[in-house]
Amino acid sequence: MSEGHPTAAQREALRLICAHEPMPAGRLAAELLAARRPSTNPGYGSAVARQADMLAWRLQAQGFIAEAADGVWRTTAGGRELIACPGAAG
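Everything quoted here is computed from the prediction, not taken from an experiment. (Residues numbered from 1 in each chain as written. Predicted model: local features only at pLDDT ≥ 70, side-chain atom pairs only at ≥ 80, totals over all residues. Heavy atoms only, no water.)

A. Layout of the packing of helix H2 (residues 25-34) against helix H3 (residues 44-61). In contact at an axis separation of 8 Å, H2 and H3 are set at 120 degrees when each is read in the N-to-C sense. Considering the angle they form, H2 stands oblique to H3. Once H2 is placed against H3, the crossing between them reads as right-handed. Contacts between H2 and H3 pair Leu28, Ala29, Leu32 and Leu33 from the former with Tyr44, Gly45, Val48, Ala49, Ala52, Leu55 and Ala56 from the latter. Of the residues in the contact of H2 with H3, the class split is 10 nonpolar, one polar and no charged. (Axes fitted to C-alpha atoms, helices over the stretch in contact; angles between N-to-C directions. Helix = DSSP H or I, 4+ residues; strand = E, 2+ residues; numbered from the N terminus. Parallel < 35°, antiparallel > 145°, perpendicular 65-115°, else oblique. Left-handed = near helix turned anticlockwise from the far one by under 90°. Contact = heavy atoms within 4.5 Å. Nonpolar A, V, L, I, M, F, W, Y, C, P; charged D, E, K, R; others polar.)

B. The arrangement of the side chain of glutamate 21 in detail. Relative to the helices and strands, glutamate 21 resides in the loop between helix H1 (8-20) and strand S1 (23-24). A polar side-chain atom of glutamate 21 sits 2.7 Å from the main-chain amide nitrogen of threonine 75. (Polar contact = N/O pair within 3.5 Å; in protein donor to acceptor, adjacent residues only side chain to side chain.)

C. Highlighting the environment of arginine 50. Tracing the backbone shows arginine 50 in helix H3. Note on arginine 50: relative accessible area 54%, which makes it exposed. Sequence-wise, arginine 50 and alanine 29 are 21 residues apart; in three dimensions their C-alpha atoms are separated by 8.0 Å. (Buried < 20%, exposed > 50% of the residue type's maximum accessible area, 1.4 Å probe, protein only.)

D. Up close: H3. Taking 1.5 Å per residue as the helical rise, H3 with its 18 residues ought to reach 26 Å, and the 26 Å between its terminal C-alpha atoms agrees with that figure. Those residues of H3 that fall on the buried side of the exposure criterion are Val48, Ala52, Leu55, Ala56 and Leu59. Viewed end-on, H3 has its buried residues packed into an arc of 100 degrees, placing them on one side of the element. Residues of H3 that are exposed and point more than 90 degrees away from the buried face comprise Arg50, Asp53 and Ala61. (Expected span 1.5 Å × (residues − 1). Arc of directions from axis to C-beta.)

Function cannot be inferred from these measures alone, as they are strictly geometric.
Given below as structure tokens:
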């Protein structure tokens, strides 16, 4: 994260949330894994899950996503505008 500007990974997570919202927090990790090449590293899946948690935390702190329910993410108007997501969630 640089001066409040989302990184490429944050934008990717935001696009995934927008495309699948409302998105349970655990699904973000699964979607990030599905978007990448498989790995034989046994810790790969858990590392991506940790990354998903951190990405969501940062996106929430920046006001691009909000927790709609316990552990369920939705994009905010600002988040949808940032990535030109047509979703109407709120």
